[in-house]
Amino acid sequence: MAKPAITIEAKSVETPSWNFAVVICRNKEGKYLAVNETRNRGWWVPAGYVDPGESFYEGGIRETEEEAGVDVDIKGVLRVEYSKQSYGSQSSARMRVVFYAEPKDENQKPKSVPDKESLEGRFVTVSEFAEIGKIRGPELIEWGNYLDNGGLIYPLELFTECYKKPSVPDYEMKHISNCDNHMKLAQNANENVQNNDCNL
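So, how was this worked out
Residues numbered from 1 in each chain as written. Predicted model: local features only at pLDDT ≥ 70, side-chain atom pairs only at ≥ 80, totals over all residues. Heavy atoms only, no water. Helix = DSSP H or I, 4+ residues; strand = E, 2+ residues; numbered from the N terminus. Buried < 20%, exposed > 50% of the residue type's maximum accessible area, 1.4 Å probe, protein only. Contact = heavy atoms within 4.5 Å. Expected span 1.5 Å × (residues − 1). Pairing = 2+ DSSP bridges. Axes fitted to C-alpha atoms, helices over the stretch in contact; angles between N-to-C directions. Core = buried A, V, L, I, M, F, W, Y, C linked by side-chain atoms within 4.5 Å.

1. Quick notes on the overall build of the protein chain
Logical step 1: Helix and strand counts for the protein chain stand at three helices and 10 strands.
Logical step 2: Counting from the amino terminus, helix and strand elements in the protein chain follow one another as β-β-β-β-α-β-β-β-α-α-β-β-β.
Logical step 3: Counting all 200 residues of the protein chain, 40% fall into the buried class.
Logical step 4: Here the analysis covers contacts within the protein chain between residues at least 6 apart in sequence; of these, 61% occur between residues at least 24 apart.

Encoded structure:
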């Protein structure tokens, strides 16, 4: 008698992905936008979950307006982070995009009336933020020091549609220098950027 065939059923394991946008916003005075979050979580930067169907770019703009009450222009990308965690047969992925932004209107005041999104927003220096009280995360200090010491801001062209044909982008790589009150220096992407090129 023939043995019955053994059928192995493959089980699909759903891998949820969590996408977040973080916005480091600096005004012309060299101060950074901070948010006092609800539920006693402390001060942080505008950030949050990217809604389904929303781009990271759109999520960053929305979160900054909701949490800080400031309309911003996102100028570039500071970093794209991706991590994966496994729990037995299940796993999850987390992606976070850190944007650099500037206020659309330098005269627009941050939020001062608490709501469900946050308690208030405030423009502060890195040193002021370090002494502001309870801090949820170090992002403003880390990225503020990075930018104040000449960190590169990568172009938004890093994000593009799937399967789009590559082309030479028409952009300038921005280099933020700490000389001459953080003067912005711009060079073409195929040129070397020197930290001490304050005379460009």
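2. Here we look at helix H1 (residues 56-68)
Logical step 1: Along its 13 residues, H1 runs 18 Å from first to last C-alpha, staying within 8% of the 18 Å computed at 1.5 Å per residue.
Logical step 2: Residues Phe56, Gly59, Gly60, Arg62, Glu63, Thr64, Glu67 and Ala68 constitute the buried set of H1.
Logical step 3: Contacts from the buried residues of H1 go to strand S1 (17-25), strand S2 (32-37), strand S4 (47-49), strand S5 (72-87), strand S6 (90-103) and strand S7 (118-124).
Logical step 4: Phi turns positive, to about 75°, at Gly69, one or two residues after H1.

3. Considering the sheet that holds S2
Logical step 1: Taken together, three strands build an open sheet; the order of strands is S3-S2-S7 and the sheet is antiparallel. The open sheet has two edge strands, strand S3 (42-44) and S7, and neither has a second partner. Mean inter-strand twist for the sheet, computed between neighbouring axes without regard to direction, equals 25°.
Logical step 2: Where S2 meets S3, three bridges bridge the pair, whose relative direction is antiparallel.

4. Some details on the nonpolar core
Logical step 1: Ile24, Leu78, Phe129, Leu140 and Leu147 are the most contacted members of the largest nonpolar core, which totals 19 residues.
Logical step 2: Among the secondary structure elements, those contributing two or more residues to this core are S1, S2, S3, S6, helix H2 (126-130) and helix H3 (139-148).
Logical step 3: By residue number, the principal contributor to this core is H3, which donates three residues.
Logical step 4: Other than its neighbours up to four places away in sequence, Ile24 contacts Tyr32, Val45, Leu78, Val98, Phe99, Tyr100, Ala101, Glu139, Trp143 and Leu147.
Logical step 5: By size, the runner-up hydrophobic cluster in this structure holds 16 residues, among which are Phe56, Val72, Ile74 and Val97.

5. Details of the environment of Gly59
Logical step 1: Inspection of the secondary structure assignment puts Gly59 in helix H1.
Logical step 2: Sequence spacing of Gly59 and Val23 is 36 residues, and the spatial spacing of their C-alpha atoms is 9.7 Å.
Logical step 3: Once residues within four sequence positions are removed from consideration, Gly59 is found in contact with Ala21 and Glu54.

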